[in-house]
Amino acid sequence: MSTLNSDTLLDDHSETPQVSITHAQHSRVIVIGAGPVGIRFTEELLSRRPDDEVHLFGDETCQPYNRIQLSALLAGEIQREAIDLPLPDSNQHRNFRFTAAAITDIDRNNKIITDALGIQYSYDKLVFATGARAHIPNIPGVERQGVFSFRSLRDTESLYARILRSRHIVVVGGGLLGLEAAKGLLRFNTKVTVVQQGPHLMNRQLDGAAAAILEQEVRTLGIDVITQAGVRAIDGFEHVTSVTTRDGQIIPCDTVLFCAGISPNIQLARKARLAIGTGIIVNDYLQTVDPDIYAIGECCEHQGTTYGLVNPGYEQASVAASVLADMDTEYLPHYLGSATVSNLKVVGTPVCSLGEVSELGTRPFQKEITYRDEKTGQYRKLVTLKGKIIGAVGIGDWPESRRIQEAFQNERKLSRWQMYQFRRRGQLWGDSGNQVSVWPTSTIICQCNNISLGKLQENLQSGCGSVAELQQCTQAGTVCGSCKPLLQQLLGDNSAPEKDSAAGSLTALGLLALALVTLISFWPEARVAESVQEQGWFEGIWNDKFWKQVTGFTLLGLTAIGLLMSLRKRLAWSWMGKFTAWRFVHIVLGVACCLTLVLHSGFHLGSNLNQLLMLNFLGVVMLGAFTSSIIGVAHKLSGNSANSSRKWLQWLHIIISWPLPILLSVHIFTVYYF
């Protein structure tokens, strides 16, 4: 294999390690760093060499976890257990060990590492996956109480405890992490202000137009945004009282959170006298200047570049594992760098960014093609050079984004017709191009784990029949989850739908609504008592003029809200909240309407117009109840029957709802007019 001989160690640490060809075997591998990249490397290596002795070290006392999900944990969107990263199964890999201990020293000559307790461990190969820490600028006041960073689980727990008693938090940094943290800090109605030193939010990933749309979305959440104004000082005596920006503005606050970039963790590597630049310098095999030491993830520097995204780290983990597993072969994989691609959700808004999108220079044959839809808030831009995509940015849903990424990575040339289509409709391949199954097999479906369409199709042919099975087999959709709709589309209508998170509640509410409809339809009509003394509480409601009006207008209000909510999905009213929450409230309203109808009518179906109104109302509720029940048990049915039944019931529910407002209006008019 290609390794470094001892005479190739660098005196000038700014150069890239050189290689020569040798061959060796190994058995003891130590991995320093138990974050997502360290775990991924361990899994990749053990999948190739399951009997190797692999020892994973993490410097936190808890089980390894997914740092990418910390903002969701802070916001209360997921539980603590959801961010845990599973370790390799010890039954399958008997020589795997995990130790929660910080490494303090590396003896390269004797191949020994020492942990914080003074315990020593020998290695044949050593892998740095130490990641990065939050960058804290050297400004006055950073040592004051109330200043936090957001990089670890401990940081998250400290912030959670802080926001319970904080009134105003200033988040320094308007990048992805800063915005996600700001959203999470709104949990207890704390005032949050984001201060961004750059000209606009996410200035490295977005252009000005896209950033303006994102800023509006951020402000809609209740977060204040100040741009072109980095923090110059943190004011106060012991505790934070305010921050002063570079333009002299003073912002009163009691908490400051730094999310202003990261710094690679290279202290241990520097102590071991490895070549250091911004990160630990590696060659195309991810080797450092020591042929037996590798570096991957945010801590490493390859060809002058460090990466702050998880996907390049996963790619490096795969290459390093292949190199270590195939050391006795002549041909080894190379790491040639990663494309800078972001395809994720920022404060709930889909954001796509790849390649060159901001601060573009002027070059011959360079074009910028823009599409914007003011009604939906969608913004898309392509940057092309000689007909090939060199950059793209988008705000809002963009079904073609992953196919555009494939065209960008493979340097596919666009036709003039495609460019015209994009200006006019925001699409390069038309409606048919949105079908995942027709995309090139090299298209990356899961950006976080670098899973291609071809790999997913191979697993489908091997028997994977649901989103959960695809996730288990390929890890696609297990990091941020934004590609799960594409997985479901790839599976097609014949796949088994994924279990709804509120399946039990949907089924229970649907059955309750059906029971109430049956009760109203067939229960004997309530009779009027022969004397006032015999009158019960039930008659005192349905047969009393005052309470008749109260229940009637309550029923009218509940029905109006239910009809209004039915427009949420069709008109994309995001202000009504998440679709799953809206759907649950919609079904609860149906049940509440049935109960109110019992109090209003006393089980009397009426006659003529009133009877028609009652039958229409009961039909709407019944079809809604059937739909809710089908959604709740869809994961237990065959995919084709579940999807078909749900679609038909939903359309019938919508169609039969249209006469209801007219019949209600006529009913109210006739009651009060006559």
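Criteria and thresholds
- Residues numbered from 1 in each chain as written.
- Predicted model: local features only at pLDDT ≥ 70, side-chain atom pairs only at ≥ 80, totals over all residues.
- Heavy atoms only, no water.
- Pairing = 2+ DSSP bridges.
- Helix = DSSP H or I, 4+ residues; strand = E, 2+ residues; numbered from the N terminus.
- Axes fitted to C-alpha atoms, helices over the stretch in contact; angles between N-to-C directions.
- Buried < 20%, exposed > 50% of the residue type's maximum accessible area, 1.4 Å probe, protein only.
- Parallel < 35°, antiparallel > 145°, perpendicular 65-115°, else oblique.
- Left-handed = near helix turned anticlockwise from the far one by under 90°.
- Contact = heavy atoms within 4.5 Å.
- Nonpolar A, V, L, I, M, F, W, Y, C, P; charged D, E, K, R; others polar.
- 1 Å grid on protein atoms, 1.4 Å probe; cavity = no way out; pocket = protein on both sides within 12 Å on 5 of 7 lines; lining within 4 Å.
- Points joined across faces, edges and corners; volume = space filled by probe spheres on them.
- Patch = residues over 30% accessible without salt bridge, like charges linked within 9 Å, V, L, I, M, F, W, Y side chains within 5 Å.
- Areas by Shrake-Rupley, 256 points an atom, 1.4 Å probe, with all protein chains shown as cover.
- Salt bridge = Lys/Arg side-chain N within 4 Å of Asp/Glu carboxyl O.

Enquirer: Is there a simple way to explain the sheet that holds strand E15 (residues 231-236) in this structure?
Expert: Neighbouring strands of a sheet are bound in pairs by backbone hydrogen bonds; such pairs are parallel or else antiparallel. The sheet built from 3 strands is open, its strands ordered E15-E16-E17 with antiparallel pairing. On the outer flanks of this sheet lie E15 and strand E17 (250-252), each paired with one strand and no other. For this sheet, the mean angle separating the axes of adjacent strands, direction not counted, is 25°. With 5 bridges connecting them, E15 and strand E16 (residues 240-245) associate as antiparallel partners.

Enquirer: Even after reading the chapter, I still don't get the pairing of E16, so can you show me in this structure?
Expert: Within E16, 5 of the 6 residues are buried, which leaves it mostly tucked inside the rest of the structure. Once E15 ends, the chain turns through 3 residues before running back antiparallel as E16. When E16 meets E17, the two strands line up antiparallel, connected through 3 bridges. Bridge pairing links Thr244 to Ile250 in E17. Connecting the antiparallel pair E16 and E17 is a turn made up of 4 residues, with Gly248 showing a positive phi of about 90°.

Enquirer: Would you explain the packing of helix H1 (residues 36-48) against helix H7 (residues 310-325) in this entry?
Expert: The axes of two packed helices give the description: the angle between them and the distance between them. The N-to-C vectors of H1 and H7 enclose an angle of 30°; their axes lie 8 Å apart at closest approach. Put simply, H1 runs roughly parallel to H7. As for the relative orientation of H1 and H7, their crossing is right-handed in sense. Side by side, H1 and H7 meet where Pro36, Val37, Arg40, Phe41, Glu44, Leu45 and Arg48 of the first sit next to Val310, Gly313, Tyr314, Ala317, Ser318, Ala320, Ala321, Ser322, Leu324 and Ala325 of the second. By residue class, the composition of the contact of H1 with H7 is 11 nonpolar, 3 polar and 3 charged.

Enquirer: Mind showing me how you'd approach the layout of surface pockets here?
Expert: Where empty space is left becomes clear once a probe the size of a water molecule has been rolled over the atoms. Taken as a whole, the second largest pocket encloses approximately 760 Å³ of empty space. Forming the boundary of the second largest pocket are 25 residues, of which Lys548, Gly552, His600, His667 and Val671 lie nearest the centre. Within the residue set of the lining of the second largest pocket, elements represented by two or more residues are helix H15 (545-565), helix H16 (579-601), helix H17 (608-633) and helix H19 (659-673). If one sorts the elements of the lining of the second largest pocket by residue count, H15 sits on top with 8 residues. By residue class, the composition of the lining of the second largest pocket is 13 nonpolar, 10 polar and 2 charged.

Enquirer: Could you clarify how one ought to interpret the sheet that holds strand E7 (residues 112-115) in this entry?
Expert: In spatial order, the strands read E6-E7-E8; together these 3 strands make up an open sheet with antiparallel pairing. Edge positions in the sheet fall to strand E6 (103-107) and strand E8 (120-122), since each has one partner strand and no second. With direction set aside, neighbouring strand axes in the sheet form an average angle of 25°.

Enquirer: Looking at this structure, how should I read a nonpolar patch on the surface?
Expert: Taken together, Tyr160, Leu164 and Phe188 make up a surface patch of nonpolar side chains, about 280 Å² in accessible area. Following the sequence through the fold, Tyr160 ends up in helix H3 (residues 153-163).

Enquirer: Is there a simple way to think about the environment of His600 in this case?
Expert: Its location among the elements puts His600 in helix H16. When its relative accessible area of 16% is taken as the criterion, His600 is described as buried. In the structure, His600 is positioned 53 residues away from Trp547 in sequence and 8.0 Å away in space, judged by C-alpha atoms. Apart from the residues lying within four places of it in its own chain, the contact partners of His600 are Trp542, Lys548, Thr551 and Gly552.

Enquirer: Which parts of the structure should I look at to understand the pattern of salt bridges?
Expert: Pairing is possible between side chains of opposite charge, provided their charged atoms come close. All told, the structure shown has 18 salt bridges when counted by the stated rule. A salt bridge links Glu215 to Arg219, with the shortest nitrogen-to-oxygen separation between them at 3.1 Å. Of this pair, Glu215 and Arg219 both sit in helix H5 (residues 208-220), 4 residues apart, which is roughly one turn of that helix. Taken together, the salt bridges that share partners define one network made up of Lys111, Lys125 and Asp292.

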